[in-house]
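# Structural characterization, general
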Amino acid sequence: MGLKCGIVGLPNVGKSTLFNALTSGGADTANFPFCTIDPNIGTVPVQDGRLQSIADIIKPKKVIPVFVEVVDIAGLVKGASEGKGRGNAFLSHIRDVDLILHVVRCFHDDNVAHVEEDINPLRDIRTIEDELILKDLETIEKRERRLLTQSKSGDKDVRSELQKVTGLREFIERGNAARSYRVAEDDAYMRELFLLTTKPMVYVCNISEDDIPDGAGSEIVDAVREFAKEHGAQLIVVCTKLEEELSELAEEDRAVFLKEMGIEVSGLERLVETAYRELGLVTYFTTESSELRAWTIKSGTKAPQAAGVIHTDFERGFIKAEVIKCDAFFALGSETAAREAGKMRSEGKGYVVQDGDIILFRFNV
């Protein structure tokens, strides 16, 4: 499965700069609102040290990492849900992503305009959240009206769904995001609504270089950190300007620069790791045909379905999965040694694939 992240926020908070840092996409970052009109789309390889460690051992001809698709969505403003600032078009782009990266401006710079003239990240967060909620409310009310008409037939299933949708509407009207609304796993109505606020949200505090590495001591960063904690959301602190500069350096120069700045791991690496964790994703590896490749699946995926990510024939004709744990592979140094040491296990259809598994799928179609 692919991971698609959408970058949102008010105009001039650093969205396109973050996009450029992630993807080296060269998106325009001019200092005026709605610099981005059509969404910029790019991909970024996921940095996974295990992939390189496997490659160092088996020396494959080709190494293919997992790629994350990143969408730089134009800046939203108050009234977006009503179409202001081309809001309807911008909000529609959010429906297609798996996870929202909400960039919040946490730096002062007189040379970079702010649509509200002053720096207040909690107000900015609320502005974006309100627009997403209002758009969801519009969607829910439309469904509710249709169900109300259909319920006149006396259909019990329709009446049951109407009751659920009405309860959801009342919850959203109180200013709550749909992601915090509890529903049974088998309730399809919520999924069918495709609500914006059901999507996981990661807050990205964009700080100045003076506040590197984590904005410690910054009151505005601390305020966002506390807000995220209260709402059970993940938060990452980055300096998008620095990250964009880092993305233009060679890998060895980047490592030296980070060390000089006192940064152990770049903000972008932490961002991707957080996105994976928030969506409950894991990675497994295959080493067939001189090609080493990483694959992403949902945590809890069983072996046949994991095989289906490679090709539907693999799932349809699944026989077994031969599995080596990364740690055992690194310690023993080869597949042959792992077999001889009993560290390669044969797993059936009920096996739940674990993060870091190296797998050879056996199938017949």
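Conventions and cut-offs
Residues numbered from 1 in each chain as written. Predicted model: local features only at pLDDT ≥ 70, side-chain atom pairs only at ≥ 80, totals over all residues. Heavy atoms only, no water. Helix = DSSP H or I, 4+ residues; strand = E, 2+ residues; numbered from the N terminus. Buried < 20%, exposed > 50% of the residue type's maximum accessible area, 1.4 Å probe, protein only. Contact = heavy atoms within 4.5 Å. Lys, Arg positive; Asp, Glu negative; His and termini not counted. Charge placed at Lys NZ, Arg CZ, Asp CG, Glu CD. Pairing = 2+ DSSP bridges. Axes fitted to C-alpha atoms, helices over the stretch in contact; angles between N-to-C directions. Polar contact = N/O pair within 3.5 Å; in protein donor to acceptor, adjacent residues only side chain to side chain. pLDDT = per-residue confidence, 0-100. Parallel < 35°, antiparallel > 145°, perpendicular 65-115°, else oblique. Left-handed = near helix turned anticlockwise from the far one by under 90°. Core = buried A, V, L, I, M, F, W, Y, C linked by side-chain atoms within 4.5 Å. Salt bridge = Lys/Arg side-chain N within 4 Å of Asp/Glu carboxyl O.

Tallying secondary structure elements over the protein gives 14 helices and 12 strands in all. Seen through its principal axes, the protein has C-alpha atoms that stretch 65 × 65 × 35 Å. Looking at the protein residue by residue over its 365 residues, the buried ones come to 47%. When contacts within the protein are restricted to residue pairs at least 6 apart in sequence, those whose partners lie at least 24 apart make up 68%. Looking at the protein, you have 46 positive and 62 negative side-chain charges, and the mean spots of the two groups are 8 Å apart.

In this section: the sheet that holds strand β1 (residues 3-8). Strand order in the open sheet formed by 6 strands is β2-β4-β1-β5-β6-β7, and the pairing between neighbours is mixed. Whereas interior strands pair on both sides, the edge strands pair on one side only; in this sheet they are β2 (40-45) and β7 (234-238). The average undirected angle you get between the axes of adjacent strands in this sheet is 25°.

A separate point is the side chain of T296. Of note, T296 is situated in strand β9 (residues 291-298). A polar side-chain atom of T296 sits 2.9 Å from a polar atom in the side chain of Y276.

The next thing to look at is the pairing of β9. Of the strand pairs in this sheet, strand β3 (residues 62-64) and β9 are connected by 3 bridges, and their pairing is parallel. Each bridged residue has a counterpart across the sheet, and for I64 the counterpart in β9 is R293. Two elements, strand β8 (residues 281-286) and β9, share 6 bridges in a ladder whose sense is antiparallel. Looking at the pairing, V282 lines up with I297 of β9. What sits between the antiparallel neighbours β8 and β9 is a turn of 4 residues, in which S289 has the positive phi angle 55°.

Another point: the confidence of the model for the protein. When the pLDDT values of the protein are averaged, the result is 86; 90% of them are 70 or greater. The element-level mean pLDDT for the protein is lowest in helix α3 (residues 87-94), coming to 69, with strand β10 (residues 318-325) highest at 97. This model gives residues 26-37 a pLDDT under 50, and the stretch forms 35 contacts once residues within four places in sequence are excluded.

Next up on the list: the pairing of β10. Bridge analysis of β10 against strand β12 (residues 357-363) gives 7 bridges, and the strand direction is antiparallel. Opposite K325, over in β12, you have D357 as the bridge partner. Here β10 pairs with strand β11 (residues 344-347) via 4 bridges, running antiparallel. Paired with E322 across the bridge in β11 is S346.

Their axes nearest at 8 Å, the elements helix α1 (residues 15-23) and helix α8 (residues 240-247) cross at an angle of 30°. Of the possible angle classes, the one that applies to α1 and α8 is roughly parallel. By crossing handedness, the relation of α1 to α8 is classed as left-handed. Where α1 abuts α8, its residues T17, L18, N20 and A21 lie against T240, K241, E243, E244 and S247.

The next point concerns the nonpolar core. Among the nonpolar cores identified, the biggest contains 73 residues, and V68, I94 and Y203 are the most heavily contacted of them. With 6 residues, the top contributor of residues to this core is helix α10 (residues 267-279). Listed in part, the 15 residues of the second largest apolar core include L147, L168, M190 and L193.

Note that A306 resides in helix α11 (residues 303-310). Classification of A306 by relative accessible area gives buried; the value is 0%. As a C-alpha pair, A306 and V352 span 46 residues in sequence and 8.9 Å in three-dimensional space. Residues contacting A306, with those up to four places away along its chain left out, are Y284, I297, T301, V353 and F361.

For E129, the location among the structural elements is in helix α4 (residues 121-150). Although E129 lies buried, it forms no salt bridge, and the closest oppositely charged side chain, R179, sits 4.2 Å away as judged by the N-O distance.

With respect to burial, α1 is a largely interior element, 9 of its 9 residues being buried. Buried residues of α1: K15, S16, T17, L18, F19, N20, A21, L22 and T23, and no others. S24, located one to two residues past α1, shows a positive phi value of around 55°.

Turning our eyes to something else, we now look at the environment of V71. As for its position among the elements, V71 is in strand β4 (residues 67-72). Between the alpha carbons of V71 and A233 there is a distance of 20 Å; along the sequence they are 162 residues apart.

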